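Each chain is listed here by its residues.
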Amino acid sequence: MRTQGIYLNVSRRNDDLPEMIEEYSEKFNLSKADTVAEILRAYPKLIAYKQKVMEEESRSFERLFSNAV
């Protein structure tokens, strides 16, 4: 059985990524690969949550100023 590998090429402007992955690995008590996988799996949920919050803020803003006109 052959092990699969994914390599992360980090540019100079993103040179903080390896350290961030290391810190999250220790925090989550996971391997670096599992940490990256967790982050990637959580990303769509984060985006959906952000969109929901923005919509709620927009509705709240509209209600706040709907009586001003």
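Residues numbered from 1 in each chain as written. Predicted model: local features only at pLDDT ≥ 70, side-chain atom pairs only at ≥ 80, totals over all residues. Heavy atoms only, no water.

(A) Local environment of the environment of Ser-31. Along the polypeptide, Ser-31 turns up in the loop between α1 (17–28) and α2 (32–66). Between the alpha carbons of Ser-31 and Leu-17 there is a distance of 15 Å; along the sequence they are 14 residues apart. (Helix = DSSP H or I, 4+ residues; strand = E, 2+ residues; numbered from the N terminus.)

(B) Geometry of unusual backbone geometry. With a phi close to 55 degrees, Asn-29 is a non-glycine residue in the positive phi region. Asn-29 gets classed as exposed once you look at its relative accessible area, which sits at 70%. (Buried < 20%, exposed > 50% of the residue type's maximum accessible area, 1.4 Å probe, protein only.)

(C) Up close: the packing of aromatic side chains. Inspection of every chain in the model, using the stated rule, returns one aromatic pair. Centre to centre, the rings of Tyr-24 and Phe-28 are 5.6 Å apart; their planes meet at 25 degrees, and the pair counts as stacked. Highlighted residues: Tyr-24 and Phe-28, both in helix α1, separated by four residues, approximately one helical turn. (Phe/Tyr/Trp six-rings, centres within 6.5 Å; stacked < 30°, edge-to-face > 60°.)

(D) Representation of a nonpolar patch on the surface within the structure. On the surface, Leu-8, Leu-17, Met-20, Tyr-24, Phe-28, Leu-30 and Ile-39 cluster together into a nonpolar patch covering about 580 Å² of accessible area. It is α1 that contributes the most residues to the nonpolar patch, four residues altogether. Among the residues examined, Met-20 registers a relative accessible area of 35% and is labelled partly exposed. (Patch = residues over 30% accessible without salt bridge, like charges linked within 9 Å, V, L, I, M, F, W, Y side chains within 5 Å. Areas by Shrake-Rupley, 256 points an atom, 1.4 Å probe, with all protein chains shown as cover. Salt bridge = Lys/Arg side-chain N within 4 Å of Asp/Glu carboxyl O.)

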